[in-house]
Amino acid sequence: MRLSRFFLPTLKEAPSDAQIVSHQLMLRAGMIKQEAAGIYAWLPLGLKVLRKIEQIVREEQMRAGAVELLMPTLQLADLWRESGRYDAYGPEMLRITDRHERELLYGPTNEEMITDIFRAYVKSYKSLPLNLFHIQWKFRDERRPRFGVMRGREFLMKDAYSFDVDEAAARVAYNRMFVAYLNTFARMGLKAVPMRADTGPIGGDLSHEFIVLAETGESEVFCDRKLVEMPAPGDDFSAEAVQAVFDERTALYAATEEMHDPAQFEAKTAEGDRLSARGIEVGHIFYFGTKYSAPMKAKVAGPDGQDAEVHMGSYGVGVSRLLGAIIEASHDAGGIIWPDAVAPFDVVVINLRANDEAVSAACEDAVAQLEKLGKDVLYDDTDERPGGKFATADLIGVPWQLTIGPKGLSDGVVELKRRATGEKVSVPLAEAIERLTA
Ligand code: ATP
Ligand code: MG
């Protein structure tokens, strides 16, 4: 992609109402534009990262056995009356009336709708376990939308819903999502810690939030330091393996403010391991049994022929919030530092003298070679001065910068810089490409 043909409206200064660094950097890097409080347009660079994150979430859901569908954003109020949540939800729900005076709402979540889909088709225990997910825009009329995509009103969520014959089976489904979440966040370069959480308006009795530690986080959290460094568990999703991961992680203390018990924290955690910090909730999983299946009469015939209510769980990931969380965890004074897996481009090729034919030809050759190797390349072919180009490349956080100018060209070298470390080497193009594709 040629920068001169791309749409990258960067800003020198962040607007003064952007309070936290991720919001400032997303605006400065031309990733999002606010259209109303908590409602954003996703500009090309922001959309590229959003899609990368969405795809990692999708792949890890599927790896854990969940099946993708897509439910609409608008839902009938009557469906929510069946569970009793239409009245219970309050002003966060955006209520809409259509031309026939029919009451609709813009979905803040989908427990009712998925239960309705389930009960329409699934009649036997033989169809279980089942876990269905979608990645869809939600609307919650938050009292205080702020921090950019972190607390939006319209935001992209992955929500999965599991259906099982009994509590024991539902706990296996829960543990599978627990493991899938650890894998998902690790792939994005994040250290997310599962913490016992309050179940809130979703209801139920077992719940964990996945929290990324960051000073600007909205939640106060308490945990054993050892949890922060634990590696991703990998892809064994057998009932035994996921139970072992769940047991290992939950043996150590970790709780959000609402669930925090200082006496327990002290009893379970050595003083040097006690971490109290702020965190960003990037995922939240719930087991809530028959809370929705009972009032909505979602039943299956069991092996004995008797109908039984299904046991359900729901599992959310804040896909759009993750951009903010990743930037909070990975930036420096120059801008964003994208982890490779979610970066909008793999490499930016910087042409130091765009009006020089030999330099431009060398750049185009480098771009062509990299693209042939499957790299997603941003080619800065603009006539901006070098300082401005380096600043933009640092700001937008592409993991590698490959700079080609007249001096290097006459010496037979290009400069390769790793954004995360600032480390630079001057090497022949072939060697630079080798390092980039290693
Ligand atoms: P919070 O406590 O932050 O308000 P929640 O507990 O209401 O979130 P859930 O219902 O658990 O949210 O939603 C699943 C995930 O969706 C959350 O873990 C979070 O990552 C994301 N999310 C929730 N609300 C927002 C929002 N207003 N803007 C962006 N992402 C959100
Ligand atoms: Mg939550």
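Source: prediction; values computed, not measured.

### Section: the domain arrangement of the protein
Domains assigned within the protein are domain 1 (3–336) and domain 2 (345–437). Using C-alpha coordinates to define each centre, domain 1 is positioned 38 Å away from domain 2. On the domain 2 side, the residues contacting the 14 residues of domain 1 number 13 residues. A buried area of about 1200 Å², summed over both sides, lies between domain 1 and domain 2, and 58% of it is on carbon and sulfur atoms. Of all residues in domain 1, Leu3, Lys48 and Ile336 give up the largest surface area on contact with domain 2, accounting jointly for 40% of the area buried on that side. Taken together, the connections running from domain 1 to domain 2 amount to two salt bridges. Between arginine 419 and aspartate 332 there is a salt bridge, and its shortest N-O distance comes to 2.7 Å. On the surface where domain 1 and domain 2 come into contact, there are eight residue pairs in polar contact (both at pLDDT 80 or more).

### Section: the sheet that holds strand E22 (residues 414–418)
If you trace the five strands from one edge of the open sheet to the other, you get E20-E19-E21-E22-E23, paired in mixed fashion. Because the sheet does not close on itself, it has two edges, and the strands there are strand E20 (377–380) and strand E23 (424–427). Geometrically, the sheet is characterised by an average inter-axis angle of 20° between neighbouring strands, direction not taken into account. Relative to E23, E22 is paired through four bridges, and the arrangement is antiparallel.

### Comments concerning the pattern of salt bridges
Per the stated rule, a full pass over the model turns up 34 salt bridges. In this structure, glutamate 82 engages arginine 119 in a salt bridge whose closest nitrogen and oxygen atoms are separated by 2.7 Å. Of this pair, glutamate 82 sits in helix H3 (residues 77–83) while arginine 119 sits in helix H5 (residues 111–121); the two residues are 37 residues apart in sequence, bridging distant segments of the chain. The partly exposed category is assigned to glutamate 82, whose relative accessible area is 35%. Residue class for arginine 119 comes out partly exposed when judged on its relative accessible area of 22%. The residue aspartate 394 makes a salt bridge to lysine 417 at a minimum N-O spacing of 3.0 Å. Here the residue aspartate 394 occupies a position in helix H11 (residues 386–396), and lysine 417 occupies one in strand E22, the gap between them amounting to 23 residues. Each member of the pair, aspartate 394 as well as lysine 417, is classed as buried. The network of salt bridges with common partners includes Glu59, Glu60, Arg63, Arg187 and Asp235.

Reading guide: rules and limits
Residues numbered from 1 in each chain as written. Chains lettered and ligands numbered in written order. Predicted model: local features only at pLDDT ≥ 70, side-chain atom pairs only at ≥ 80, totals over all residues. Heavy atoms only, no water. Domains from an automatic or database assignment. Contact = heavy atoms within 4.5 Å. Buried area = accessible area lost by both parts, 1.4 Å probe. Salt bridge = Lys/Arg side-chain N within 4 Å of Asp/Glu carboxyl O. Polar contact = N/O pair within 3.5 Å; in protein donor to acceptor, adjacent residues only side chain to side chain. Pairing = 2+ DSSP bridges. Helix = DSSP H or I, 4+ residues; strand = E, 2+ residues; numbered from the N terminus. Axes fitted to C-alpha atoms, helices over the stretch in contact; angles between N-to-C directions. Buried < 20%, exposed > 50% of the residue type's maximum accessible area, 1.4 Å probe, protein only.

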